Amino acid sequence: MERKLEREWDLTIGPDTVRLFIEKAKAISAAVNDDYFDGGEHEIEMDGDTRDSHSHDGLAEEEAEDFTEEELRELINDLNVDEAAELVALAWVGRGDYEASEWQDAVTEARRRSNGRTAKYLLGMPMLGDYLEEGLEAIGA
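It should be emphasised that the depicted structure is a prediction, and the values quoted were computed from it without experimental measurement. (Residues numbered from 1 in each chain as written. Predicted model: local features only at pLDDT ≥ 70, side-chain atom pairs only at ≥ 80, totals over all residues. Heavy atoms only, no water.)

Draft legend 1. The arrangement of the side chain of Thr-118 in detail. Tracing the backbone through its elements, the reader meets Thr-118 in helix α5 (residues 118–123). Other than its neighbours up to four places away in sequence, Thr-118 contacts Ile-76, Ala-84 and Val-88. (Helix = DSSP H or I, 4+ residues; strand = E, 2+ residues; numbered from the N terminus. Contact = heavy atoms within 4.5 Å.)

Spelled out as structure tokens, the structure:
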């Protein structure tokens, strides 16, 4: 029988919750990347009658994107101090600032640096979804 290694971490925030954050962060990132892929998507060609036949789909997409970002911001803001510190620590581990073996140090430092702007800090990371995903994998969650 294979003996399971004891884990060096104990998450207050559930891995499934983090996976939800990963999905939302990747959706936000994908929307931005798709929108600005070649920089020409927002140019509108006028036909011979100079009528704008553009249906303003971009505005609807922008609102949906803003909603996803706002939703993720609210979810992060709803976390308690321990959960928020762990989320930041996961991003740091995923980004390579800390090794998985330094998990407690990362959480302690995230808690120490906490300033009530966790959502703003995390949403400012362009690859947040990837960092969180890699952080979860690194600690084996």
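Draft legend 2. Local environment of the nonpolar core. Val-18, Phe-21, Ile-76, Leu-87, Trp-103, Leu-122 and Leu-132 are the most contacted members of the largest nonpolar core, which has 32 residues in total. Residue assignment for this core shows that the elements contributing at least two residues are α1 (15–35), α2 (57–77), α3 (81–95), α4 (103–113), α5 and α6 (128–139). Here this core gets nine residues from one element, more than from any other, and that element is α3. (Core = buried A, V, L, I, M, F, W, Y, C linked by side-chain atoms within 4.5 Å. Buried < 20%, exposed > 50% of the residue type's maximum accessible area, 1.4 Å probe, protein only.)

Draft legend 3. Spotlight on the packing of aromatic side chains. Within the structure shown, the criterion is met by one aromatic pair. Here the aromatic rings of Trp-92 and Tyr-98 are separated by 5.8 Å at their centres, their planes lie at 25°, and the arrangement is stacked. Taking relative accessible area as the criterion, Trp-92 reaches 4% and is therefore assigned buried. (Phe/Tyr/Trp six-rings, centres within 6.5 Å; stacked < 30°, edge-to-face > 60°.)

Draft legend 4. Representation of the environment of Glu-71 in the model. Position of Glu-71 among the secondary structure elements: in helix α2. You can call Glu-71 partly exposed: its relative accessible area is 28%. Through-space distance from the C-alpha of Glu-71 to that of Lys-24 is 8.5 Å; in sequence the pair is 47 residues apart.

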